[in-house]
Amino acid sequence: PAFSTTCATCAEDRRLRRKRAISERQLTRYFVDHRKVRVVGGQGGGGGHSFYSEPRKVFGGPDGGNGGDGGHVILKADQQMKSLSSVLPFYQGFHGQRGGSKNCYGANGACMYVKVPVGTLVKEDGKVVADLTEHGEEYIAAYGGAGGKGNRFFLSNENRAPTLFTPGEPGQERLLHLELKTTAHAGLVGFPNAGKSSLLRAISRAKPAVAAYPFTTLNPHVGIVHYQDYEQVAVADIPGLVKGAHQNRGLGMAFLKHIERCRFLLYVVDLSVPQPWTQLRDLKYELEEYEKGLSERPCVVIGNKIDLAQSRINLPLLREQVAERVIALSALTGDNLEELLLHLRELYDTYGKTEQSRGQSPVKW
């Protein structure tokens, strides 16, 4: 018994070692925000060709049934999906069955459902054909072909014994580009090493990588801030921007597009650097160059690293230079996080009221 207990303990240790957390660089292999997909609807089943016969009945007439329709290929938004990595490059709908004798119709092909994350854009030849922004929303990417006609269909007074029947039609074929834009209430926007990932770790359970070098975060992370009344606010950590990001420098447009879905913005500024207000000016310029009006969304300026001596000197200077509200905090030590959480809830409630006044329902997590 002692030997078996020791073996079980060793096996458990090996299992835990195998389940070590995936590193950020390994995670980028699994996070995919664009895919090229070829979709083909199922082919319709062919029409049946037969004549009814039984004892003592020489001619019973044609009784070939119609073929079943081919199945559609349908894209379906699913909240559990967070990446396009599981989407395959090719999908084929199920074929319809051939029509049978005795006027039996062939069965229709089943629909092929492809789960995609909420916030997926579907493009064809550069044009947006669908925008899946709600859980359970569907888009028929490729229609199945119609089933063929059996020889019974062609029966007429002029032709009492038709031998004609038609094959099923091929399904629709399309080449689509899927593009994921993170859907979150708030977006953390800032230059590399401003402390966005540390802040997201401090206010939620998200675990983005944190290190003392630029571009530690290589893909967007979404953290959920929970409140006592069970409301949940989604905050996205957008990877660090650089000057010229709108010209595709640094991580460039690959992640600027994720800011488009955010309802309000949290500008994270490093208070310890000289003239931190220039960071805010440069960030707004990059957003505005990427999309007009993007920098005008409701926002708050977060002065991070207030635990440093130089930051306390720069804080009053920053407040003099910017018109927006400035919340000074330290993501490392947790100083003044309560003020940010309260103001984040105010922004969320204002967004909800605005959406309801427009007759729309706010995005829920």
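Thresholds, definitions, all that
Residues numbered from 1 in each chain as written. Predicted model: local features only at pLDDT ≥ 70, side-chain atom pairs only at ≥ 80, totals over all residues. Heavy atoms only, no water. UniProt positions renumbered as here; feature names shortened; annotations may be inferred. Salt bridge = Lys/Arg side-chain N within 4 Å of Asp/Glu carboxyl O. Helix = DSSP H or I, 4+ residues; strand = E, 2+ residues; numbered from the N terminus. Buried < 20%, exposed > 50% of the residue type's maximum accessible area, 1.4 Å probe, protein only. Pairing = 2+ DSSP bridges. Expected span 1.5 Å × (residues − 1). Axes fitted to C-alpha atoms, helices over the stretch in contact; angles between N-to-C directions. Contact = heavy atoms within 4.5 Å. Parallel < 35°, antiparallel > 145°, perpendicular 65-115°, else oblique. Nonpolar A, V, L, I, M, F, W, Y, C, P; charged D, E, K, R; others polar.

Going by what an unreviewed UniProt entry lists, the protein chain is known as Mitochondrial ribosome-associated GTPase 2 and is assigned to Menura novaehollandiae. Turning to the protein chain, the UniProt record has this under Subunit (unreviewed entry): "Associates with the mitochondrial ribosome large subunit; the association occurs in a GTP-dependent manner." Under Subcellular location (unreviewed entry), UniProt gives the following word-for-word description of the protein chain: "Mitochondrion inner membrane".

Enquirer: Would you mind showing me how to read the pattern of salt bridges here?
Expert: Side chains carrying opposite charge are able to pair once their charged atoms draw close together. Taken as a whole, this structure holds 12 salt bridges when the rule is applied. We note a salt bridge from glutamate 179 to lysine 123, for which the minimum N-O separation is 3.3 Å. One end of the pair, glutamate 179, is in strand S8 (residues 173–180); the other, lysine 123, is in strand S5 (residues 120–124), with 56 residues separating them in the sequence. Lysine 123 gets classed as partly exposed once you look at its relative accessible area, which sits at 22%. The salt bridge involving arginine 345 is made with aspartate 229; its shortest N-O contact spans 2.6 Å. Taken together, the residues span a long stretch of sequence, with arginine 345 in helix H7 (residues 337–357) and aspartate 229 in the loop between strand S10 (221–226) and strand S11 (232–237) at a distance of 116 residues.

Enquirer: It is not clear to me how the pairing of S11 should be interpreted in this structure. Could you clarify?
Expert: Regular strands place their side chains on alternate faces of the sheet. When you tally the buried positions in S11, you get 5 out of 6 residues, the bulk of the element. The pairing of S10 with S11 spans 6 bridges and is classified as antiparallel. Following the sheet pairing, histidine 226 is matched in S11 by glutamine 232. Between S10 and S11, which pair antiparallel in sequence order, lie 5 residues; one of them, tyrosine 230, sits at a positive phi of approximately 75°.

Enquirer: Where do I start with helix H5 (residues 277–290) in this structure?
Expert: Residues that lie three or four places apart on an α-helix share one face, since the helix turns once every 3.6 residues. Relative to the 20 Å expected for 14 residues at 1.5 Å per residue, H5 spans 20 Å between its end C-alpha atoms, a close match to the ideal helical length. Along H5, the positions that sit buried rather than exposed are Trp277, Thr278, Gln279, Leu280, Asp282, Leu283, Glu286, Leu287 and Glu288.

Enquirer: Hey, could you run me through the sheet that holds strand S13 (residues 299–304) in this one?
Expert: The strands that make up a sheet pair up through hydrogen bonds in the backbone, lying either parallel or antiparallel. The strand order S10-S11-S9-S12-S13-S14 describes an open sheet built from 6 strands, whose pairing is mixed. Strands at the two margins of the open sheet, each flanked by one partner only, are S10 and strand S14 (326–328). When strand polarity is set aside, the average angle formed by the axes of neighbouring strands in this sheet is 25°. Taken together, the 3 bridges between strand S9 (residues 186–189) and S11 define a ladder with parallel strand orientation. Bridging across to S11, alanine 186 finds its partner in valine 235. Taken strand by strand, helix H3 (residues 196–203) contacts S9, S10, S11, strand S12 (264–270) and S13, and its axis lies near 160° from that of S11.

Enquirer: Help me understand the packing of H3 against H7, please; the structure alone is not making it clear to me.
Expert: Packed helices, taken two at a time, are described by the angle between their axes plus the distance between the axes. Running from N to C, H3 and H7 point in directions that differ by 80°, and their axes come no closer than 11 Å. Judged on the interaxial angle alone, H7 and H3 are roughly perpendicular. Between H3 and H7, the contacting residues are Leu199, Ala202 and Ile203 on the first element and Leu337, Leu340 and Leu341 on the second. Across the contact of H3 with H7, the residue classes tally to 6 nonpolar, no polar and no charged.

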